[in-house]
Each structure stands twice: as structure tokens, then as C-alpha cells.
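Spelled out, the chains give:
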Number of protein chains: 2
Amino acid sequence: MLAWGVDVGGTDCKVGVVDATGRVRAESGFETPDDPEAAVREIAGACRALEEELGARIERLGMGVPGPLDLERGVIVHAPNLGWRDVPLRDMVAGALDCPVVMDNDANAAAYGEAWVGAGRGARVLLLVTLGTGVGGGVVEDGRVFHGARGLAVEIGHMVAVAGGRACSCGKRGCVEAYFSAHALSEQAAEVGAGDGDPRVHRSLFERYAAGDERIVPWLGRAIDVLAQGVAHAGVLFDPDRIVFTGGLTRSWDLYRDRLLAGLQADLGPAGPPPGGIGLTELGGRAGIVGAAGLALKRAAAGKRREARGGERVSGSSR
Amino acid sequence: MLAWGVDVGGTDCKVGVVDATGRVRAESGFETPDDPEAAVREIAGACRALEEELGARIERLGMGVPGPLDLERGVIVHAPNLGWRDVPLRDMVAGALDCPVVMDNDANAAAYGEAWVGAGRGARVLLLVTLGTGVGGGVVEDGRVFHGARGLAVEIGHMVAVAGGRACSCGKRGCVEAYFSAHALSEQAAEVGAGDGDPRVHRSLFERYAAGDERIVPWLGRAIDVLAQGVAHAGVLFDPDRIVFTGGLTRSWDLYRDRLLAGLQADLGPAGPPPGGIGLTELGGRAGIVGAAGLALKRAAAGKRREARGGERVSGSSR
């Protein structure tokens, strides 16, 4: 069985075809259009092109998108990075491709992918932490994504770590994301005159931190400590047996890992670090498409099991 | 169907018989013996006495016990309040009563009880916070207790809220439980010469706080803020639609509620408080026995469904 996996990002959109073992059989991508209807057309076009490339008929699609979402209605409530509000993307894509669509938060899709065939394989409870423009999180327990009541669960980036601290895009002060995220790091670098005006964060910033640059060390060290605190809170509350980091900022992982792990170790305390360890993504930028397709394949399999049981019951009662 | 529910506390042990609607049909209690084998004898004796009182045959038991536990092996790894280490209580009780036993953490059992027939009824995701000698937590999602990989999930009391803060019994510093728990409050009161030497915390302490006593307000106010922070972290990570507080310290809820809710409101942020609200236990001291019995009844029902399906399959294949 095959499924399309779609990862709708603030900049790029990735599309792939994934098989039941989690292997990516074909993939492509394009710049995410500003307009949702144009995005749907491009997604559908890319999906059909991959289908043709493989010469296979594909009948299900999974999609990871930035939130917050209304999972039940399949609506993107508000995606600041896309400038989208109240977009019923699930049904739009389902209509364009005439197939069932499973939609989830992008961090949840990536977490499901890593738990299924990536760095979280074999973990009972995986905590995935995404370090990109913002800070996100996803928890997968025994193959189930933990969504929370409103689909807002595991917002590691929006725990208030510093009372009255830095202003966060969410309206609160002192959130984890206001310290250690690409956006916050470039902002803090600019504040001390050490920025290069680029909203992306370059490895050079972490290199200067590691070299002891005194314009960088105080605030970047603190930002790492705040991230450690937030991840430790999630560790104490979810009790994962593995923690996996992913996202653009992990490209400089080697330069801040030691301080992050020391902070985590201290705050996780006597129960200790997760028995399965703390590490980096294995699927990298493909985690989203693999996980989204995996969620669609899982839904299809569950439907078949239900059908099989229903069929048994019906044939039983007719005898 | 009936089940025994047992709530093993540091001081008292409660035993009840609960029916499939969550009603307590009979109950009793006794002081928890120091010795685990004596405790098992007393539990079994109390269970048999209730069975006789009701004239019913009971064949399943659920038990909430202080942790940390090894859930798979049914072992109390270490219960400081009981002074017990590595006690295989589940099998000991199962042997004494010759029936299957479900054992869970006491906060989880209480959370299951409130979610089933108490203040968390109807919530998709319930977060229960226990404010007693220590601070504990439990999450129930769609009728399932969230355990984490090692059964250590939702230790709200052991998030480090204050870096380098007060020493906690767990060995870390600055844990939520080192500020707002009966133990920590009585310790802090003693430190400012405002204690009465009683390890229990009396309402009078909160009354003096509410009256503006300057020996109490600074540290107790801070303790409430730390608790608010910890609960808000859990709110941001689990996205519950209802938060319920229980435990001895909720007897003075009216005297610290306003400050606690204000702190929670601020730290939960734009997503806002849980849509189902924040409130107090409905089952009170019975939540443990009701929840534990509920877990045993649920296990029994799942077993029957499996059996029914297995039966179908077997009869199908023999035709």
C-alpha cells in the first residue's frame, strides 16, 4: 500500500509517496504559494505527477501543516508563517484529489514519522522537539499521537520559562520560543549588535558562542538553559523513553549540545534521562512527509480492520 | 458487575466496593500497617468483609498506590511515605484474594475516577492535580490513563520551577513540590517562626495569608505562583479541556484560589484556560477507590470484548 505524504511549510512544500515500510518511493517540492487555493492546486499537481512517475494508483493522503488547527473540522485556524486563517485545507485537498485526507500538526506528523521508522523507532513514548523558526513538540505513545483536547498539545515553545521575560509572538512573555528559536536568536543577536540582518541563524553565531565571544555567550548560554528547562519539563510530565531533536537549528547541535544536555540532566533529576537516550532526527527534512503518509496508512489499516470485523458480524447475523 | 477499589495511602488505607456506574456500594478503612505483608492481610480481610456485607461475589480488584511503581511487574519500587521498597504488591494481593488485580499510581487512579464519574466527566483530556503531602498529577485521555514509558508521567511536583531553589526530597532543587505541598508549606512556616510544629498544614496558615500577615505573604504568595507555573506548564503541554484539583490542601482553596487562577491565566496565554474550566474534585477522598475499581472493571470489560472477538474468529475458521 502507498500513500502521499505532504509537508506544508512556511517556505517550501514537500510531497512524497511512501510505502508501508516507511520508504520514500518518490518525492518533489515547490515554494509554498501565498494563496491557499493555489497551494491546493500545486499539491494536487505534484501528487498526480508522482503517481504517474511510479505508475501506481494512490488513494490516500496524509498532510502535516503548521497550526493551530481544528483537527475535527480539518481547518488551519491560523498559520502566522503562511498568513492563512480559517482555511479548510483537509477538505480542499480531499476534493482536489478525490481521496481521503488525514491532516495533523507538522510537529506531530514529524514525531509520528520518527517514531515509526526514524530515530524514535522502538520507543514506547517518543518526545520530538523541533528547533526551527519556532520551537515545537510532538509526543507519540505506542503509535498514537497525543493531541490534547483541542489539538494544541506539546507546545514546548510556549511554556513560560522566565516570568516577565522576553516578549513572544504569542502575546505572552518569557516563553521558551522567545529565547531559543531561529527568530529569537537572530533578534537577540541584533540587540547586541552581533546580528547580520539575516532572519535565519547561521552556524557562525554558534561558532562564536563556542569560541567564547563575550557579546554572544551571556544571552545565548541563557537561551540554551531556557530550552533545557522547557524540554526537561516535558520530560518530567510525559516520561518519554526517547527524546529526539530536529529542525534547522540542529545543524549546529555539536556546538550547544553539551550545555543543553547538562541542563536537561540536572532538571530531569533522579529518574534520569530517558532510557532510550537523547539524540537527533534520522529522517531529517523527510520526517514530515514520512509521518504524514504513515498517519494516512494507519488510518486506512484501521478502517480495514473495522470493516473486517463489521463484515464478520453482518455475515454472522445473517446466518 | 462489581469490583473492589483499594486506595493505599501513607496514613490510611481505604477499601470499597464499586459498581459499573461508579457508585460506592460499601466501604471501610484502616491504618496502613508498616509491614507490607500485614497490609496485604488487612486489605484481603477488609475486602472479604465487604463482600459478605453485600452478599455478592466479587472477582476483580483495582488498587491505587504511591509510587514510583514498576507497572509491568506490579511492584512498588519505592514509596517513601510508607517506607516500602521493591514490594510486589499486585501479585501479593492477587494471591491473597485469588483474583486479578490492576495496580496504578494513586494520582492516576484518582484521575481515572474523576474522569469516569467525578469532576472530569465528559472531558476528553482531564488533568488532575493532587495537593497533599506532595504534589502529583494524572492525565486521562479518552478514558485512558497517560502513563509515560516508565509509568512516571505527570510528576507536576518535580518540575524544576526555580533554578537553584529550595531543596526537594527528590534530590533536585527548586521543584514545585518544594514550595507548595503540605510538607514544604509547614517547613517554610517554621523557617519564619510562624509554624506550629505540626507537619499538617492548617487552614489558619492560609487565613493569615489571606489577612495579609507579613510573615506569611511573601513566601506563601511565591509558593502559589510556583504552583501556578507548574500547572500552566502541564496545561500547555497536555492541552486538557478540564483541570481538577484535589487533596488535603484544597480544603483552603477559597483562600488561595484567586492568586492561583490569575497566575494560571497569565501563563496559559492566548489558547486560554481549558474550555471545560478549572475546578475542584467531586469524589473527594473516594476518588482513589472509585478510580481503582473503575480501572479493574475496564480491564475486565476489555477482556470480555477480546474473548467475544476471539470466539467469533475461532467459530468462523471452523466452519
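For the structure itself, look to the data block above.
Values in this document were obtained by computation on a predicted structure and should not be read as measured data.

About the criteria used
- Residues numbered from 1 in each chain as written.
- Chains lettered and ligands numbered in written order.
- Predicted model: local features only at pLDDT ≥ 70, side-chain atom pairs only at ≥ 80, totals over all residues.
- Heavy atoms only, no water.
- Helix = DSSP H or I, 4+ residues; strand = E, 2+ residues; numbered from the N terminus.
- Contact = heavy atoms within 4.5 Å.
- Buried < 20%, exposed > 50% of the residue type's maximum accessible area, 1.4 Å probe, protein only.
- Polar contact = N/O pair within 3.5 Å; in protein donor to acceptor, adjacent residues only side chain to side chain.
- Patch = residues over 30% accessible without salt bridge, like charges linked within 9 Å, V, L, I, M, F, W, Y side chains within 5 Å.
- Areas by Shrake-Rupley, 256 points an atom, 1.4 Å probe, with all protein chains shown as cover.
- Salt bridge = Lys/Arg side-chain N within 4 Å of Asp/Glu carboxyl O.
- Lys, Arg positive; Asp, Glu negative; His and termini not counted.
- Charge placed at Lys NZ, Arg CZ, Asp CG, Glu CD.
- Pairing = 2+ DSSP bridges.
- Axes fitted to C-alpha atoms, helices over the stretch in contact; angles between N-to-C directions.

A. Expanded view of the environment of Ile224 of chain B. Residues and elements named next belong to chain B. Along the chain, Ile224 turns up in helix H6 (residues 217–238). In sequence terms Ile224 and Ser181 are 43 residues apart; their C-alpha atoms lie 10.0 Å from each other. The residues contacting Ile224, other than those within four sequence positions of it, are Phe180, Tyr209, Tyr256, Arg259 and Leu260.

B. Quick peek at the side chain of Thr32 of chain A. Residue and element names in this part refer to chain A. Turning to its location among the elements, Thr32 is positioned in the loop between strand S3 (24–31) and helix H1 (36–54). Judged by its relative accessible area of 10%, Thr32 is buried. At a separation of 3.2 Å, a polar atom in the side chain of Thr32 contacts the main-chain carbonyl oxygen of Asp12. In this structure the side chain of Thr32 is engaged in a polar contact, spanning 3.4 Å, whose partner is the backbone nitrogen of Cys13. Dropping the residues within four chain positions of it, Thr32 is found in contact with Val8, Gly9, Gly10, Thr11, Asp12, Cys13, Leu82 and Trp84.

C. Focus on a positive patch on the surface. Residues Lys298, Arg299, Arg305, Arg306 and Arg309 of chain B make up a contiguous surface patch of positive charge. Inspection of the secondary structure assignment puts Arg305 of chain B in helix H8 (residues 287–318).

D. Layout of the pairing of strand S9 (residues 125–131) of chain A. Residue and element names in this part refer to chain A. Among the 7 residues that make up S9, 7 are buried, leaving the element largely enclosed by the rest of the structure. Strand direction decides the pairing type here: S9 and strand S12 (residues 242–246), joined by 5 bridges, are parallel. Opposite Val129, over in S12, you have Phe245 as the bridge partner.

E. Broad picture of the sheet that holds strand S1 (residues 2–8) of chain A. Residue and element names in this part refer to chain A. One open sheet accounts for 5 strands, arranged S3-S2-S1-S4-S8; its pairing is mixed. Edge strands, defined here as strands with exactly one partner in the open sheet, are S3 and strand S8 (101–105). The mean inter-strand angle of the sheet, taken between neighbouring strand axes irrespective of direction, is 15 degrees. Along the sheet face, H1 touches S1, strand S2 (12–19), S3 and strand S4 (61–65) and points at about 150 degrees away from the line of S3. Here helix H2 (residues 89–97) sits on the sheet and contacts S1, S4 and S8; the angle it forms with S4, its principal contact strand, is near 145 degrees.

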